[in-house]
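The chain contents come next:
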Amino acid sequence: MAAVIGFLGAGNMGAAIIGGLAAVPDVSAMAYDVDAAKVDALVAGELARKAPTPEALAAGSDYLVLCVKPQYLAGAMADLAPHLKPDTVVCSIVAGVTVARLKSLTGGKCPVVRIMPNTPALVGAGQFALCLDDSALSCGQKAFVGELFAKLGRTYVLEEKHFDAFTGLAGSGPAYVLYFMEALIESGVLMGFPRDKATDIVTGLFSGTARLATETGQHPSVLREMVTSPAGTTIEALMHLDRKAVRAAIIDAAAASRDRSKALGG
């Protein structure tokens, strides 16, 4: 019998996860969102069934994935919790919400999994931290959740104490990369390239460099040294970045994101 994966929220990340599960055998998706058009689009694409109410979603799900904003979670769970089955696994991608908080919101009757995704999941290249610390989870449930999210990218089973750091590094990480990409595109425009050409060059630069690091297995420092000739153009650029303390700013930025994640869960 196919496992029913319910989704409370069908925004970008919820829809991405649903889309990634479309080819998984013995799994079906059901979704509810206050914006009915989002669910209707998934139904039209034959990616999910529509739950008429949050209560019906809870009652009909074997695994329930919470994909709502943190400020809406408590209200949503007040409606859902009475309708959850004891063997339903509640999986949350809500930033900052701890396992203990999730257990409390479900009334303590369901096993819970905390998940931190990132946006490359939209193209099947996400990174997912999975917290499987809840002692109520069976071995089979842990394995199922791991296999499910591995369809959308890489998974990392982490103790909950590492979740805020993962958020700072990988959850928020795509924004850092895109921020740097934007800056390089602007430099290309400044130096005379049309914006579309500069964008194409920079996008290829990042995808190619990531592939180089992945396929060679070399440490980034080694690969950087390959490009950095004595008294050349690259060392001149890197020294400028160091004078501006860019490396330290990046490290501090990731730590600031980690600290914000801690505050959200406080």
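A brief structural summary. Computed from a predicted structure; not experimentally measured.

### Side note on the pairing of strand E1 (residues 3-8)
On any regular strand, side chains alternate: one points to one face of the sheet, the next to the other face. Of all 6 residues making up E1, 6 are buried, and the element is well covered by its neighbours. Here E1 runs beside strand E2 (residues 27-32); their pairing, made up of 6 bridges, is parallel. When the bridges of E2 are listed, Val4 appears paired with Ser28.

### A short note on the packing of aromatic side chains
Scanning the model with the defined rule gives 4 aromatic pairs in all. Judged by centre distance (5.3 Å) and plane angle (50°), the ring pair of Phe128 and Phe149 falls under tilted. Of this pair, Phe128 sits in strand E7 (residues 126-131) while Phe149 sits in helix H6 (residues 139-150), and the two are 21 residues apart along the sequence. Both residues of the pair, Phe128 and Phe149, belong to the buried class. Each ring, one from Phe180 and one from Phe206, has its centre 6.2 Å from the other, and the planes form 65°; the classification is edge-to-face. Residue Phe180 is found in helix H8 (residues 173-190), and its partner Phe206 is found in helix H9 (residues 195-216); the two are separated by 26 residues along the sequence. Relative accessible area serves as the criterion here: at 40%, Phe180 is assigned to the partly exposed category.

### Focus on the sheet that holds E1
The strand order across the open sheet formed by 8 strands is E3-E2-E1-E4-E5-E6-E7-E8, and the pairing between neighbours is mixed. The open sheet is flanked by strand E3 (49-50) and strand E8 (153-157), the only strands paired with a single partner. Packed on one face of the sheet, H6 meets E1, E2, strand E4 (63-66), strand E5 (89-92), strand E6 (112-116), E7 and E8 and runs near 150° to E8.

### Comments concerning the nonpolar core
For soluble globular proteins, nonpolar side chains are generally found buried alongside one another. Residues Ile5, Phe7, Cys91, Val113, Ile115 and Phe149 are the most contacted members of the largest nonpolar core, which totals 32 residues. Apart from the residues within four sequence positions on either side, Val113 is in contact with Val89, Val90, Cys91, Ser92, Leu102, Cys131, Leu132, Leu137 and Val145. Listed in part, the 29 residues of the second largest apolar core include Tyr32, Ala51, Val97 and Cys131.

### A short note on the packing of helix H7 (residues 163-171) against helix H12 (residues 246-264)
Close contact between H7 and H12 brings their axes to 7 Å; oriented N to C, the two are set at 135°. The angle between the axes of H7 and H12 places the two elements in the oblique class. For H7 against H12, the interelement crossing comes out right-handed. Where H7 abuts H12, its residues Asp164, Ala165, Thr167 and Gly168 lie against Ala254, Ser257, Arg258, Ser261 and Lys262. Tallied by class, the residues present in the contact of H7 with H12 amount to 2 nonpolar, 4 polar and 3 charged.

### Remarks on the side chain of Ser92
Relative to the helices and strands, Ser92 is located in strand E5. Setting aside chain neighbours within four positions, we find Ser92 in contact with Leu66, Leu102, Val113, Arg114 and Ile115.

### Some details on helix H4 (residues 70-80)
Of all the residues in H4, the buried ones are Leu73, Ala76, Met77 and Leu80. End-on view of H4: buried residues confined to an arc of 100°, all on one side of the axis. For H4, exposure combined with an orientation more than 90 degrees from the buried face picks out Gln71 and Ala78. Summarising the contacts, the buried residues of H4 are in contact with E1, helix H3 (54-60), E4 and helix H5 (99-105).

About the criteria used
- Once a new chain begins, its residue numbering starts again from 1 and follows that chain's sequence as written.
- For this predicted model, a pLDDT threshold of at least 70 governs which residues receive local features, and a threshold of 80 or more governs which side-chain atom pairs are given and counted, while totals over whole chains, interfaces and linings are taken from all residues.
- Just so you know, side-chain values use all the structure's heavy atoms and leave hydrogens and water out.
- Note on exposure labels: buried denotes an accessible area under 20% of the residue type's maximum, exposed denotes more than 50%, and partly exposed covers the range between, all computed with a 1.4 Å probe on protein chains only.
- For helices the rule is a DSSP run of H or I covering at least 4 residues; for strands it is a run of E covering at least 2, with both sets numbered from the N terminus onward.
- For two strands to count as paired, DSSP must find a minimum of two bridges between them.
- Here the aromatic set is Phe, Tyr and Trp, taking the six-membered ring for Trp, and pairing holds for ring centres within 6.5 Å; pairs whose planes are under 30 degrees apart are stacked, those over 60 apart are edge-to-face, and all others are tilted.
- Note on contacts: a residue pair qualifies if any of its non-hydrogen atoms lie within 4.5 Å across the two residues.
- As a rule, the C-alpha atoms of each element are fitted with a line to give its axis, helices using only the stretch in contact, and angles between N-to-C directions run from 0 to 180 degrees.
- Buried residues of nine kinds, namely Ala, Val, Leu, Ile, Met, Phe, Trp, Tyr and Cys, make up a nonpolar core once their side-chain atoms join them within 4.5 Å.
- Oblique is the label for any angle not covered by the other classes, which are roughly parallel (under 35 degrees), roughly antiparallel (over 145) and roughly perpendicular (65 to 115).
- In this scheme the handedness of a crossing depends on how the near helix is turned from the far one: anticlockwise by less than a right angle means left-handed, clockwise means right-handed.
- In this count, Pro and Cys sit with the nonpolar residues alongside Ala, Val, Leu, Ile, Met, Phe, Trp and Tyr, while Asp, Glu, Lys and Arg are called charged and the others, Gly among them, polar.
- It is the directions from the helix axis to the C-beta atoms whose arc is reported.

Honestly, that's just the spatial picture; any functional story needs more than this.
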